[in-house]
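Each chain, written out:
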Amino acid sequence: MKIGLNISNIEPLGGGRILRFSDVRAMAQRAEAVGFDSVWLADHFMTRVSGEEDRGLWEAFTFLSALAAVTSRIHLGSLVACTSFRHPTLLAKMADGLDEISGGRFVLGVGAGWHEPEYRAFGYPFDHRAGRFDEALQIIVTLLRTGRVTFAGQYYQANDAVLRPRGPSPIGPPVWVGGSGPRMLELTACYADGWNCDATEHRADFIAGEFQRVRQACERVGRDPATLTLTAQTEVRMLAPGETKRHDDGVMTGTPDEVAEMLHACAEVGVEHLMVLDAAAQDVAGVERLGRVRELLRRS
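Let us look at the structure shown here.

As for the packing of aromatic side chains
Tallying each qualifying case throughout the model produces 11 aromatic pairs. Aromatic pair Phe45 and Phe122: ring centres 5.0 Å apart, planes at 50 degrees, arrangement tilted. You can see Phe45 sitting in the loop between β2 (38-41) and β3 (46-47) and its partner Phe122 sitting in helix α4 (residues 116-122), a full 77 residues away along the chain. Classification of Phe45 as buried rests on a relative accessible area of 17%. Judged by centre distance (5.3 Å) and plane angle (20 degrees), the ring pair of Trp58 and Phe63 falls under stacked.

Some points on the pairing of strand β8 (residues 148-152)
Each regular strand displays side chains that alternate between the two surfaces of the sheet. Covered by surrounding structure in β8 are Val149 and Phe151 only, the residues Arg148, Thr150 and Ala152 on the alternate face being uncovered. Where β8 and strand β9 (residues 157-162) come together, 4 bridges link them in antiparallel fashion. Paired with Arg148 across the bridge in β9 is Val162. Linking β8 back to β9 in an antiparallel pair, the connection comprises 4 residues.

Some details on the environment of Ile139
For Ile139, the position within the fold is in helix α5 (residues 129-146). Placed 85 residues apart in sequence, Ile139 and Asp224 show a C-alpha to C-alpha distance of 23 Å. Once residues within four sequence positions are removed from consideration, Ile139 is found in contact with Pro88, Thr89, Val149, Phe151 and Tyr156.

Examining the nonpolar core
Grouped together as the largest cluster of nonpolar side chains are 77 residues, with contacts concentrated most on Ile7, Leu108, Val110 and Leu263. Considering each element in turn, this core owes the most residues, 8 residues, to α5. Not counting chain neighbours up to four residues away, the residues in contact with Leu263 comprise Met1, Thr234, Val236, Met252, Leu274, Val276, Val293 and Leu297.

Description of the pattern of salt bridges
Summed over the entire model, instances satisfying the criterion amount to 18 salt bridges. A salt bridge links Asp278 to Arg289; its shortest N-O distance comes to 3.2 Å. Here Asp278 is found in the loop between β14 (273-277) and α9 (284-299), whereas its partner Arg289 is found in helix α9, with 11 residues between them in sequence. Residues joined in a network through salt bridges with shared partners are Asp43, Glu59 and Arg86.

Section: the side chain of Asp43
Tracing the chain through its elements places Asp43 in the loop between β2 and β3. At 2.9 Å, the side chain of Asp43 and the side chain of Arg86 are in polar contact. Those residues in contact with Asp43 that lie beyond four places of it in its chain are Glu59, Ala60, Phe61, Leu79, Val80, Ala81, Cys82, Phe85 and Arg86.

Describing the environment of Asp96
Take Asp96: it is sitting in helix α3 (residues 88-102). Judged by its relative accessible area of 4%, Asp96 is buried. Separated by 75 residues in the primary sequence, Asp96 and Ile171 place their C-alpha atoms 9.5 Å from one another. Setting aside its immediate chain neighbours within four residues, Asp96 contacts Leu144, Leu163, Pro165, Arg166 and Gly167.

Some words on the state of the cysteines
What makes a disulfide is a covalent bond joining the sulfur atoms belonging to two cysteines. Inspection of every chain in the model, using the stated rule, returns 0 disulfides. There is no disulfide at Cys82, and the cysteine sulfur nearest it, in Cys197, is 19 Å away. Under the relative-accessibility criterion, Cys82 is labelled buried at 3%. Looking at the unpaired Cys218, the closest cysteine sulfur is the one in Cys190, lying at 8.8 Å. Judged by its relative accessible area of 0%, Cys218 falls in the buried class.

Comments concerning the pairing of strand β10 (residues 175-178)
Alternating residues of β10 divide into Val175 and Val177 and Trp176 and Gly178, and every residue in both groups is buried. Where strand β7 (residues 106-111) meets β10, 3 bridges bridge the pair, whose relative direction is parallel. Bridged to Val110 within β10 is Val177. Viewed along the sheet, the connection from β10 through helix α6 (residues 182-191) into strand β11 (residues 194-198) turns out right-handed.

Procedures and definitions
Residues numbered from 1 in each chain as written. Predicted model: local features only at pLDDT ≥ 70, side-chain atom pairs only at ≥ 80, totals over all residues. Heavy atoms only, no water. Phe/Tyr/Trp six-rings, centres within 6.5 Å; stacked < 30°, edge-to-face > 60°. Helix = DSSP H or I, 4+ residues; strand = E, 2+ residues; numbered from the N terminus. Buried < 20%, exposed > 50% of the residue type's maximum accessible area, 1.4 Å probe, protein only. Pairing = 2+ DSSP bridges. Contact = heavy atoms within 4.5 Å. Core = buried A, V, L, I, M, F, W, Y, C linked by side-chain atoms within 4.5 Å. Salt bridge = Lys/Arg side-chain N within 4 Å of Asp/Glu carboxyl O. Polar contact = N/O pair within 3.5 Å; in protein donor to acceptor, adjacent residues only side chain to side chain. Disulfide = S-S within 2.5 Å. Right-handed = clockwise from strand over helix to strand, strands pointing away.

And the structure:
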């Protein structure tokens, strides 16, 4: 099982210090040095929750492009890019550019989006998100795989759009989908190279159940489930020496050895690539601490 690092690009609650690019760069470079397989950034513009102050995020593709230029081995990805925020032909063009800058290390994770307040604030339509995603995914995959697309849909159009020049990957970067609704699973089975499970319950058995659903979607459309890369994202919190686990943690919490055991359980249910966020330690020291867990997991 490959292990990826999620880096938080959102302003913290309570007016804390947001990571600057120098921080994100240092974390990504340290993750590469200690052996992580990938680094991931979320694609949102803001969050607006009742009773909380608005929180913004750094634009994901700008930061990913910069990280591609200052790393050499580690893969980079969007977890996940909202296809509503950019025309699908533009998103494919951006992905191909990142494929070039990174030397073939970019993974395009895409989804339909979910946070209505940011849609309204930035002027994007929130209706028919699954239908819009369906059309966007067809355009993106066709353009990346063949270099050319013509498409006349209800929401998007492309008239002999050509993707030139091309990055080093002959058929473009892998396209992974994040989304668990029945239609999203069907679209994943039809078009995607991989699927990402957002392990909201942070348990291996939850991931196993979700994987079964996407495998069944593959079977319904006549696809061999083994051809779909199965990935998941989860959150961990490692206990400091002498600290005891709270009953309300809600994430994979424990000593480094205990967290490694929980992550190993994810491998046992079929996770091929696991993205991990340690929300309590978004700094280089946190990366090193997760790196030790990764080493324990590798040894197991």
